[in-house]
Amino acid sequence: MKQVKKAAIPLDLAGLGSAEGDSKSWRVQVELPAAIGTEDMAVPAGETLDLQVLAVAISEGVSISASGQARTQGECVRCLELVEKDIDFSLSRVYYYPDELAHLLNEVSGDSSMYAELDEVYQVCPDSRVDLEPLLIDAIVPQIPYSVLCSPDCPGLCPDCGIALAHAEAGHHHEKIDPRWSALKGIFDQEGDKNA
Ligand SMILES: [Zn+2]
Ligand SMILES: [Zn+2]
């Protein structure tokens with residue numbers, strides 16, 4: 001069995017009994033060492049998350065549930081404005097004891113579909129800690145919108161001058177009339193005024 005790398009977001013399970021069914025529920029604050037999200041939108045690194053955690057001892061390891069809220073930041077794909085969105089997340093994962101995990105991984109080699117969640121990152125470390133980072137990634141990333149928009153009907157940027165149309169004057173546009181028609185332009189503008 002490979003040595004597990006140092007937990008990015010360690011969660012101490014001290015106080016949790018090892019008998020099946022023993023459980024412990026508590027609140028914990030964790031600071032993210034790295035951003036969690038997609039290229040378009042993420043919870044920034046350094047953010048502190050307030051988590052409600054439930055740990056339940058099972059025969060193969062410990063089932064960990066974590067839920068909380070996080071503020072994601074991204075950029076509107078149309079107008080490039082900063083977009084902030086609060087998301088709620090909640091997820092449970094089984095963290096296996098190392099020998100149990102090695103056994104399971106050995107058993108399912110070739111049939112990974114059955115144990116899609118089997119991963120060395122979900123493992124109880126010898127010092128009875130687990131790494132919450134993979135769980136938070138799995139909990140948060142699916143909540144991030146596929147297409148980041150400041151509002152569902154964001155008009156985007158003006159193709160001519162690049163201004164965000166949401167902040168431009170109503171009807172923002174640029175006259176692009178062939179000079180040969182400029183004599184007629186005055187007439188069109190008068191028509192427009194009448195209709196306004
Ligand atoms: Zn926008
Ligand atoms: Zn413009």
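See above for the structure.
Bear in mind the structure is a predicted one, so any value in this text is a computation, not a measurement. (Residues numbered from 1 in each chain as written. Chains lettered and ligands numbered in written order. Predicted model: local features only at pLDDT ≥ 70, side-chain atom pairs only at ≥ 80, totals over all residues. Heavy atoms only, no water.)

1. What about the overall build of the protein chain?
Here is step 1 of the chain: A tally of helices and strands in the protein chain yields 3 helices and 8 strands.
Here is step 2 of the chain: Element order for the protein chain, N to C, with α for helix and β for strand: β-β-β-β-β-β-β-α-β-α-α.
Here is step 3 of the chain: In the protein chain, which comprises 196 residues, the proportion classed as buried is 32%.
Here is step 4 of the chain: The contacts of the protein chain with a sequence gap of at least 6 include a subset with a gap of at least 24, amounting to 60%.
Here is step 5 of the chain: For the protein chain, the accessible area works out to roughly 12,100 Å², and carbon and sulfur atoms hold 50% of it. (Helix = DSSP H or I, 4+ residues; strand = E, 2+ residues; numbered from the N terminus. Buried < 20%, exposed > 50% of the residue type's maximum accessible area, 1.4 Å probe, protein only. Contact = heavy atoms within 4.5 Å. Areas by Shrake-Rupley, 256 points an atom, 1.4 Å probe, with all protein chains shown as cover.)

2. Description of the packing of aromatic side chains
Here is step 1 of the chain: Throughout the structure, instances matching the rule amount to 1 aromatic pair.
Here is step 2 of the chain: Measuring from ring centre to ring centre gives 5.1 Å for Tyr95 and Tyr122, while their planes differ by 80°; the resulting arrangement is edge-to-face. Of this pair, Tyr95 sits in strand β7 (residues 82–96) while Tyr122 sits in the loop between α1 (98–108) and β8 (129–131); the two residues are 27 residues apart in sequence, bridging distant segments of the chain. Both residues of the pair, Tyr95 and Tyr122, count as buried.
Here is step 3 of the chain: A cation over a ring is seen here: Lys24 above Trp26, with NZ or CZ 4.3 Å from the ring centre. (Phe/Tyr/Trp six-rings, centres within 6.5 Å; stacked < 30°, edge-to-face > 60°. Lys NZ or Arg CZ within 6 Å of the ring centre and 35° of its normal.)

3. Side note on the pairing of β7
Here is step 1 of the chain: With 15 bridges joining them, strand β6 (residues 61–75) and β7 adopt antiparallel strand pairing. From the neighbouring strand, Ala66 faces β7, where its bridge partner is Leu91. (Pairing = 2+ DSSP bridges.)

4. Section: the nonpolar core
Here is step 1 of the chain: In terms of nonpolar packing, the biggest core is built from 38 residues, with Leu49, Ile64 and Leu136 touching the most fellow members.
Here is step 2 of the chain: Of all elements in the fold, only β2 (23–31), β4 (41–43), β5 (48–58), β6, β7 and α2 (133–140) reach the threshold of two or more residues within this core.
Here is step 3 of the chain: Considering each element in turn, this core owes the most residues, 5 residues, to β7.
Here is step 4 of the chain: Excluding its chain neighbours within four sequence positions, the residues that come into contact with Ile64 are Leu11, Leu13, Val53, Leu54, Ala55, Leu91, Ser92, Arg93, Tyr95, Val130, Leu132 and Leu135.
Here is step 5 of the chain: Counting residues in hydrophobic clusters, the runner-up holds 5 residues, among them Leu101, Leu104, Val108 and Leu118. (Core = buried A, V, L, I, M, F, W, Y, C linked by side-chain atoms within 4.5 Å.)

5. Focus on unusual backbone geometry
Here is step 1 of the chain: A positive phi is found at Leu80, a non-glycine position, where the angle reads about 70°.
Here is step 2 of the chain: At Ser128, a residue that is not glycine, the phi angle is positive and equals roughly 50°.
Here is step 3 of the chain: Mapped onto the secondary structure, Ser128 falls in the loop between α1 and β8.
Here is step 4 of the chain: Note on Ser128: relative accessible area 31%, which makes it partly exposed.

6. Topic: the coordination of the zinc ion (ligand 1)
Here is step 1 of the chain: Ligation of the zinc ion (ligand 1) by protein atoms is provided by Cys76 (SG), Cys79 (SG), Cys150 (SG) and Cys154 (SG), these donors lying 2.3 Å from the ion.
Here is step 2 of the chain: Seen from the zinc ion (ligand 1), its 4 donor atoms lie at angles of 104 to 115°, and the figure they make is tetrahedral.
Here is step 3 of the chain: Expressed as a motif, the donor residue spacing for the zinc ion (ligand 1) is C-x2-C-x70-C-x3-C. (Donors = N, O, S within 2.8 Å, 3.2 Å for Na, K, Ca; no water. Tetrahedral: all angles 85-135°; square planar, octahedral: opposite > 155°, others 65-115°.)

Any link to function would need more than the numbers given here.
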